[in-house]
Amino acid sequence: MNEDVPRGVVLADAAYGNDNGFREGLEALGFEYVVGVQSSASVWPPGIAPLPPQARRRMGRPARLLRRDEQHQPLSVKELALCLSASDLRRVSWREGTRGPLHSRFSRLRVARGASRLLAQ
């Protein structure tokens, strides 16, 4: 990477944000990023994580499936966004439209594996 070129933040819509490989690639390259995702995407909200995989048995493949119980459940991004208070949201204008500035309310949350940054609009 050229040292003379300043590094910026990668912004992407849900077409890219829903792609785990794309997000993991950005992380591997050390990029800061903010991506949109579909409202139906399941995430683990802050402070809640899946249960650890079951202990490995003597034979067979290691367990990889995320486990859940009553206290360990993911939410849809929409459900999580609806739980936010007005103080959790920030109004952002991103460009001038034909009828004035385009703006909406956004929140930044760490969810899932502690790595994803999702936009709640």
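Because the structure is predicted, anything quoted here is derived from the model rather than measured.

Caption draft 1: Focus on the pairing of strand β6 (residues 100-106). Summarising the sheet, strand β5 (residues 90-97) and β6 pair through 7 bridges and their orientation is antiparallel. Residue pairing for β6: Glu96 is matched across the bridge by Pro101. In this antiparallel pair of consecutive strands, β5 and β6, the connection spans 2 residues.

Caption draft 2: Region of interest: the nonpolar core. Counting residues in each nonpolar core, the largest one holds 7 residues, listed as Val37, Val43, Val77, Leu80, Leu84, Leu109 and Val111. Elements that contribute at least two residues to this core include exactly α3 (77-82) and β7 (108-111). With 5 residues, the next largest nonpolar core counts Ala12, Leu26, Tyr33 and Val35 among its residues.

Caption draft 3: Focus on the side chain of Arg23. Secondary-structure assignment places Arg23 in helix α2 (residues 20-28). Of note is the side chain of Arg23, whose polar atom sits 2.5 Å from the side chain of Asn20.

What counts, and at which threshold
- Residues numbered from 1 in each chain as written.
- Predicted model: local features only at pLDDT ≥ 70, side-chain atom pairs only at ≥ 80, totals over all residues.
- Heavy atoms only, no water.
- Pairing = 2+ DSSP bridges.
- Helix = DSSP H or I, 4+ residues; strand = E, 2+ residues; numbered from the N terminus.
- Core = buried A, V, L, I, M, F, W, Y, C linked by side-chain atoms within 4.5 Å.
- Buried < 20%, exposed > 50% of the residue type's maximum accessible area, 1.4 Å probe, protein only.
- Polar contact = N/O pair within 3.5 Å; in protein donor to acceptor, adjacent residues only side chain to side chain.

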